[in-house]
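Structure at a glance
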Amino acid sequence: CFKTNPDYIRSFLFESKLMPSTWIVIRIDGCHFHRLFLGFGLDGLLTFFGAFGRFADVHEFNKPNDKQALDLMNLCAVAVLEEFHDIVFCYGVSDEYSFVLRKDSQLYQRRASKIVSAIVSFFSSMYVMKWKDVFRKKELKYPPSFDGRAVCYPSNEILQDYLAWRQVDCHINNQYNTCFWSLVKSGKSKSEAQNYLKFVTERLLKFVCCKGVHIFIRGYGEQCRVLGISTTPILQSQGTQAREKNELLLKEFGINYNTLPPMFRQGSSIFRVKRENPTLLENDASSVEKTETKIVTEHCNIIEQSFWEAHPSILD
Ligand code: DGT
Ligand code: MG
Ligand code: MG
Ligand code: MG
Ligand code: MG
C-alpha cells in the first residue's frame, strides 16, 4: 500500500532559498545559439540538418551582430522588467540577459528554482510572441529555449563588479568577432582568420581597467584566462591586444571600432527612471503625480562609477 501522508511526500522536497538581504541576479542564456565550428566544409551540412542547427545560423542572423536579434532580446527584457516588479536593472549582450532583483525581494519566498523558471519561461514566450514584430519577413523556424541560473551578490560593489564583468566580456567578444568576420569577409578562410587572431592573442596581453583595478587577461570568451589583477597598470607597457585589434580594423578594413553602434560595443542596460511629466506639471497636480516612471533602454558604460552616480535610485 502507498504512503500518501502529505508530510511524508513533502519531506522529499528540496527548496534552495536564496540568501536573504542580497542582490539576486538571474542570468538567462540562449541554448545552442551558435554554430558548431568544425571547418572541413561541414558547415553547409550542419545548416542542412536544420532541426539540430544552431539558432543564429538557421535564422541567418547577421555576423557578428544582428541588430534585429538584439532588439528582440531588449523588447523581451523590457517585458520581464514590467512583469516582475522586484527587478531593478537588466543588462543584456549577445544571447544573454542578467536581471537584478532588489535585495529585499520576497518573490516566491526567494526560492531559486521558482524565480529562475518563472523568468526564463516568461522571456522565452515573449521571444516567440514578439518575433514577428521585429522580423517581419523572417519566419521563426523552431522554438528557441533559454537556460537560467541565480546568483546572490552581498554588496553593491560586488554586484557592480558582476555587471562590469559582463560588459568587459561583451567588449572583448565583440572586438574579437568584429575582427574575425572582417577577416573572413575579406577572403580569409575561417581557420586562417582564427589562426591570425590567435597569434595576436598569444603575443600580447589584454588589459582591462575596471574601477581602478587592472585585469590582465589572455584569450577571450570561455577560453579567457585571468593572468593577474593589480591596482597599477604595470603590464601596460607590454602592449594591449585591444589597441592592436582596433589598429587592425582601422588599417585593414577602414573600420573605426569606436564608431560601431554602441549597442554592439556596450550591450544594453534597461532600468526605470523617474521623470517630471510636463503635461501634469501644467495642471495643479500634486507633486507625487508630477513625476512618472519610465523604462529606458540605454547602451552606455556601466563599468564607470559615473553611471551609478548619475542613477542613484537603481541600487537605492
Ligand atoms: P549554450 O549557451 O551553451 O547553449 O551555447 P550557445 O551556442 O548559445 O553559446 P554562447 O551563449 O556562449 O554564445 C552565443 C552565441 O550566439 C554566439 O556564439 C553566436 C550567437 N549569437 C549571439 N548573438 C548573435 C548575433 O547577433 N548574430 C549572430 N550571427 N550570432 C549571434
Ligand atoms: Mg548557455
Ligand atoms: Mg547561449
Ligand atoms: Mg551566451
Ligand atoms: Mg501551480
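Small disclaimer: the values here were computed from a predicted structure and weren't measured.

Quick look at the site of ligand 1 now. Among the 16 residues in the neighbourhood of ligand 1, the closest are listed as Phe33, His34, Ala56, Phe61 and Asp66. For the shell around ligand 1, the secondary structure elements donating two or more residues are strand S1 (23-30) and helix H4 (67-83).

Taken in spatial order, the 6 strands make up an open sheet running S4-S1-S3-S2-S8-S9, and their pairing is antiparallel. Whereas interior strands pair on both sides, the edge strands pair on one side only; in this sheet they are strand S4 (146-153) and strand S9 (291-298). The sheet shows a mean angle of 25° between the axes of neighbouring strands, taken without regard to direction. Inspection of the sheet shows strand S2 (residues 87-93) paired to strand S3 (residues 96-101) by 6 bridges, in the antiparallel sense. Its bridge partner lying in S3, Cys90 is registered against Phe99. Its contacts with the sheet place H4 against S2, S3, strand S8 (268-276) and S9, and it is angled at close to 165° to S2.

Geometrically, a packed helix pair is captured by the angle between its two axes and the distance between the axes. Where H4 meets helix H5 (residues 112-134), the closest approach of the two axes is 9 Å, and the angle between their N-to-C directions is 130°. Between H4 and H5, the crossing angle belongs to the class labelled oblique. For the element pair H4 and H5, the recorded crossing hand is right-handed. Between H4 and H5, the residues in contact are Gln68, Asp71, Leu72, Leu75, Cys76, Ala79, Val80 and Glu83 and Ile119, Phe122, Phe123, Met126, Tyr127, Lys130, Trp131 and Val134, respectively. Of the residues belonging to the contact of H4 with H5, the class tally is 12 nonpolar, 1 polar and 3 charged.

Attention now goes to helix H6 (residues 156-185). Helix length check: H6 (30 residues) gives 43 Å between terminal C-alpha atoms against 44 Å at 1.5 Å per residue, within 8%. In the stretch just after H6, Gly187 is the one whose phi turns positive, near 115°.

Let us now look at the domain arrangement of the chain. Entries for the chain in the domain assignment read domain 1 (12-154 + 267-316) and domain 2 (164-261). The interface of domain 1 with domain 2 comprises 11 residues on the first partner and 13 residues on the second. Its residues assigned to classes, the side of domain 1 that touches domain 2 comprises 5 nonpolar, 5 polar and 1 charged.

We now examine H5. In a regular helix each residue adds 1.5 Å, so 23 residues correspond to 33 Å; H5 covers 32 Å between its end C-alpha atoms and thus fits that length. Buried within H5 are the following residues: Ile115, Val116, Ile119, Phe123 and Tyr127. Contact partners of the buried residues in H5: S1, H4, S3 and S4.

We now examine the environment of Ile255. Relative to the helices and strands, Ile255 is located in the loop between helix H8 (241-253) and helix H9 (262-266). Contacts of Ile255, omitting those with residues within four sequence positions, involve Ser182, Leu249 and Leu250.

By secondary structure assignment, the location of Pro144 is in the loop between H5 and S4. As a C-alpha pair, Pro144 and Val128 span 16 residues in sequence and 7.7 Å in three-dimensional space. Each residue touching Pro144, except ones within four places of it in the same chain, is listed here: Gly30, Phe55, Ser124 and Tyr127.

Moving on to unusual backbone geometry. Between Lys63 and Pro64 the backbone carries a cis peptide bond, its omega angle lying at 0°. With respect to the helices, strands and loops of the structure, Pro64 is situated in the loop between helix H3 (55-58) and H4. Not every positive phi belongs to a glycine, and Arg110 is a case in point at roughly 60°. Assignment of secondary structure puts Arg110 in the loop between S3 and H5. On the basis of neighbour count, Arg110 is assigned to the buried category, with 21 C-beta atoms found within 10 Å.

This brings us to the nonpolar core. Counting 37 residues, the largest nonpolar core has Ile24, Ile26, Cys90, Phe99, Val100 and Ile119 as its most contacted members. Element by element, the count of residues in this core is highest for H4, at 6 residues. Aside from chain neighbours lying at most four places away, what touches Phe99 is Val25, Ile26, Val80, Ile87, Cys90 and Ile119.

About the thresholds
Residues numbered from 1 in each chain as written. Chains lettered and ligands numbered in written order. Predicted model: local features only at pLDDT ≥ 70, side-chain atom pairs only at ≥ 80, totals over all residues. Near = placed C-beta within 6 Å. Helix = DSSP H or I, 4+ residues; strand = E, 2+ residues; numbered from the N terminus. Pairing = 2+ DSSP bridges. Axes fitted to C-alpha atoms, helices over the stretch in contact; angles between N-to-C directions. Contact = placed C-beta atoms within 7 Å. Parallel < 35°, antiparallel > 145°, perpendicular 65-115°, else oblique. Left-handed = near helix turned anticlockwise from the far one by under 90°. Nonpolar A, V, L, I, M, F, W, Y, C, P; charged D, E, K, R; others polar. Expected span 1.5 Å × (residues − 1). Domains from an automatic or database assignment. Buried ≥ 20, exposed ≤ 12 C-beta atoms within 10 Å, placed from the backbone. Core = buried A, V, L, I, M, F, W, Y, C linked by C-beta atoms within 7 Å.

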